[in-house]
Amino acid sequence: MNGGSITMMGTVTRREFSWTLAAGLGAASWNGASAQGNARRQKIGHTGITWGFAPKDAEQAIKDVASLGYYGYESFGNVLESWEATGGLNVLLDAQHLPLRSAYCPLNLTDTTKRTDEVAKLVRWAKLIKKCGGSVAVLGPNSVPRATYDFAAHKTDIVAALNDMGKALDGTGVIGALHQHTGTCIESRDETYAVMEAVDTRYVKFGPDVGQLQKGGSDPVKVVKDFQSVVHHVHLKDFDGGPDFLGYCPLGRGKVNVPAIVDLLETSGHDVMIMVELDPSEGRPMAIAPVETARISKQYLQTLGYTFR
């Protein structure tokens, strides 16, 4: 078996052993800090993407996330819509006593001819998010050919689209939080700042993905700090540039300064459920099982003072 992963049955390799050992050492080192009473305010949830994108993947994801004691779950707008035909995703969530926090909603922000339909789709998804007890629609920008993409030519349309979407959500009980994303129309640090400094933040909030910021060469701590007042959501993942998980890794195993980021979120005036995330390792059947990556991230967050259900 190749190094750097484990089978779904749990055979441990050098990479996974080092991950688990580090998490255990961190937990031991936290004992003294815990005795000093460093309480954490924000709760920890987990996204479903680690288990896959298909609606059928949600069932196992919800069971695993609940079994590990995470406080909330993030799905996708299209997954909520798919499950609605058989009673709704809330049936699975309620069975595991796991609340929905958010849903990732991919939207076209650059094509003005599609805006009316995209706004209507978002409102439709928001109703399903609310039905399942959630409160955040993660606004995912559309993919673009980055090699030829001209952000300046699209900025005005992107900002207008986000403002229209945010205003359409007003009064639904669901807020829209922009999630910058690699390979999309809002990827780089400059694009993220340009958009967030231009949108109407009464209606459009920020939901950064700190792992993607790190992967793209930005300092995620600075980005979170600069927009702390409008950060209402966050995808917390780590990046080590390895062969699995698109270069990402469980928390505490990579380059992201996770302690500094969660410290900033702790001082936020908002209820920011911190959503742990790790992209699936497509085409690598020997990669560590999703439930185990979620367990490693949980153990690491416990070393930072977080508790679980």
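Keep in mind it's a predicted model, so treat the numbers as computed, not measured.

1. Considerations on the packing of aromatic side chains
Here is step 1: Under the criterion given, the structure shown has six aromatic pairs.
Here is step 2: Plain terms: the ring middles of phenylalanine 53 and phenylalanine 76 are 5.9 Å apart, the flat faces sit at 40° to each other, and that makes the pair tilted. You can see phenylalanine 53 sitting in the loop between strand 1 (44-47) and helix 2 (57-67) and its partner phenylalanine 76 sitting in strand 2 (residues 73-76), a full 23 residues away along the chain.
Here is step 3: Owing to a relative accessible area of 12%, phenylalanine 76 belongs among the buried residues under this scheme.
Here is step 4: Considering the side-chain rings of phenylalanine 206 and phenylalanine 227, the 5.6 Å spacing of their centres and the 70° angle between planes classify their relative orientation as edge-to-face. In this pair, phenylalanine 206 sits in strand 6 (residues 204-206) while phenylalanine 227 sits in the loop between helix 9 (220-226) and strand 7 (234-236), placing the two residues 21 residues apart along the sequence.
Here is step 5: The buried category is assigned to phenylalanine 227, whose relative accessible area is 8%.
Here is step 6: Through successive ring pairs, a cluster of aromatic residues spans Phe53, Phe76 and Tyr104.
Here is step 7: Geometry around tyrosine 193 places arginine 189 over its ring, the cationic atom sitting 3.9 Å from the centre.

2. Observations regarding helix 2
Think of an α-helix as turning once every 3.6 residues; residues three or four places apart then point the same way.
Here is step 1: The set of residues buried in helix 2 consists of Asp57, Ala58, Ala61, Ile62, Asp64, Val65 and Ala66.
Here is step 2: Just downstream of helix 2, glycine 69 is the residue with a positive phi angle, here 85°.

3. Topic: the sheet that holds strand 1
Here is step 1: If you walk across this open sheet you meet the eight strands as 6-5-4-3-2-1-10-7, and the pairing is parallel. Unpaired on one side and paired on the other, strand 6 and strand 7 mark the two borders of the sheet. Averaged over all adjacent pairs, the angle separating strand axes in this sheet is 35°, with direction ignored.
Here is step 2: Here four bridges tie strand 2 to strand 3 (residues 100-106), and the two strands are oriented parallel to one another. Paired with glutamate 74 across the strands is serine 102, a residue of strand 3.
Here is step 3: Packing of helix 7 (residues 189-196) onto the sheet brings it into contact with strand 5 (175-178) and strand 6, and relative to strand 6 it is tilted by some 145°.

4. Regarding the packing of helix 5 (residues 115-131) against helix 6 (residues 151-169)
Here is step 1: At a minimum axis distance of 10 Å, the contact between helix 5 and helix 6 shows a crossing angle of 35°. The handedness of the crossing between helix 5 and helix 6 is right-handed. Between helix 5, through Arg115, Glu118, Val119, Leu122, Val123 and Ala126, and helix 6, the contact on the second element is made entirely by Asp157, Ala160, Ala161, Asp164, Met165, Ala168 and Leu169.

5. What about the packing of helix 3 (residues 77-84) against helix 5?
Here is step 1: As a packed pair, helix 3 and helix 5 sit with axes 9 Å apart at the nearest point and diverge in direction by 70°. Taken together, the axes of helix 3 and helix 5 are roughly perpendicular relative to one another. Residues Gly77, Asn78, Leu80, Glu81 and Glu84 of helix 3 form the contact with helix 5, whose own contacting residues are Arg124, Trp125, Leu128, Ile129 and Lys131.
Here is step 2: Looking at the contact of helix 3 with helix 5 residue by residue, the classes come out as four nonpolar, two polar and four charged.

6. Here's the deal with the pairing of strand 3
Here is step 1: Most of strand 3 sits out of view: six of its seven residues are buried.
Here is step 2: Here strand 3 runs beside strand 4 (residues 136-140); their pairing, made up of five bridges, is parallel. Pairing of proline 106 across the sheet is with glycine 140, part of strand 4.
Here is step 3: Taken together, strand 3, helix 5 and strand 4 form a β-α-β motif whose crossover is right-handed.

7. Some thoughts on the nonpolar core
Here is step 1: Among the nonpolar cores identified, the biggest contains 85 residues, and Tyr73, Leu89, Leu109, Ile158, Leu162, Leu236 and Leu301 are the most heavily contacted of them.
Here is step 2: Ranked by residues supplied to this core, first place goes to helix 6 with seven residues.
Here is step 3: In terms of nonpolar packing, the next biggest core, distinct from the first, is built from seven residues, Phe245, Tyr248, Leu278 and Ala287 among them.

8. Some points on the confidence of the model for the protein
Here is step 1: Of all residues in the protein, 86% have pLDDT values of 70 or greater, and the mean over the chain is 89.
Here is step 2: Long-range and interchain partners of residues 22-37, a stretch whose pLDDT sits below 50, account for 13 contacts in this model, where long-range means more than four residues apart.

9. Quick look at the side chain of asparagine 163
Here is step 1: Here asparagine 163 shows up in helix 6.
Here is step 2: If sequence neighbours within four positions are ignored, asparagine 163 has contacts with Val199, Asp200 and Val204.

10. Let's talk about the pattern of salt bridges
Here is step 1: Throughout the structure, instances matching the rule amount to 16 salt bridges.
Here is step 2: The salt bridge partner of lysine 131 is glutamate 84, with a shortest N-O separation of 2.5 Å. In this pair, lysine 131 is assigned in helix 5 and glutamate 84 in helix 3, connecting sequence segments 47 residues apart.
Here is step 3: You can call lysine 131 partly exposed: its relative accessible area is 41%.
Here is step 4: Between aspartate 190 and arginine 189 there is a salt bridge, with the nearest N and O atoms lying 3.4 Å from each other.
Here is step 5: When its relative accessible area of 34% is taken as the criterion, arginine 189 is described as partly exposed.
Here is step 6: What emerges from the salt-bridge pattern is a single network uniting Asp209, Lys237, Glu277 and Asp279.

Calculation notes
- Residues numbered from 1 in each chain as written.
- Predicted model: local features only at pLDDT ≥ 70, side-chain atom pairs only at ≥ 80, totals over all residues.
- Heavy atoms only, no water.
- Phe/Tyr/Trp six-rings, centres within 6.5 Å; stacked < 30°, edge-to-face > 60°.
- Helix = DSSP H or I, 4+ residues; strand = E, 2+ residues; numbered from the N terminus.
- Buried < 20%, exposed > 50% of the residue type's maximum accessible area, 1.4 Å probe, protein only.
- Lys NZ or Arg CZ within 6 Å of the ring centre and 35° of its normal.
- Pairing = 2+ DSSP bridges.
- Axes fitted to C-alpha atoms, helices over the stretch in contact; angles between N-to-C directions.
- Contact = heavy atoms within 4.5 Å.
- Left-handed = near helix turned anticlockwise from the far one by under 90°.
- Parallel < 35°, antiparallel > 145°, perpendicular 65-115°, else oblique.
- Nonpolar A, V, L, I, M, F, W, Y, C, P; charged D, E, K, R; others polar.
- Right-handed = clockwise from strand over helix to strand, strands pointing away.
- Core = buried A, V, L, I, M, F, W, Y, C linked by side-chain atoms within 4.5 Å.
- pLDDT = per-residue confidence, 0-100.
- Salt bridge = Lys/Arg side-chain N within 4 Å of Asp/Glu carboxyl O.

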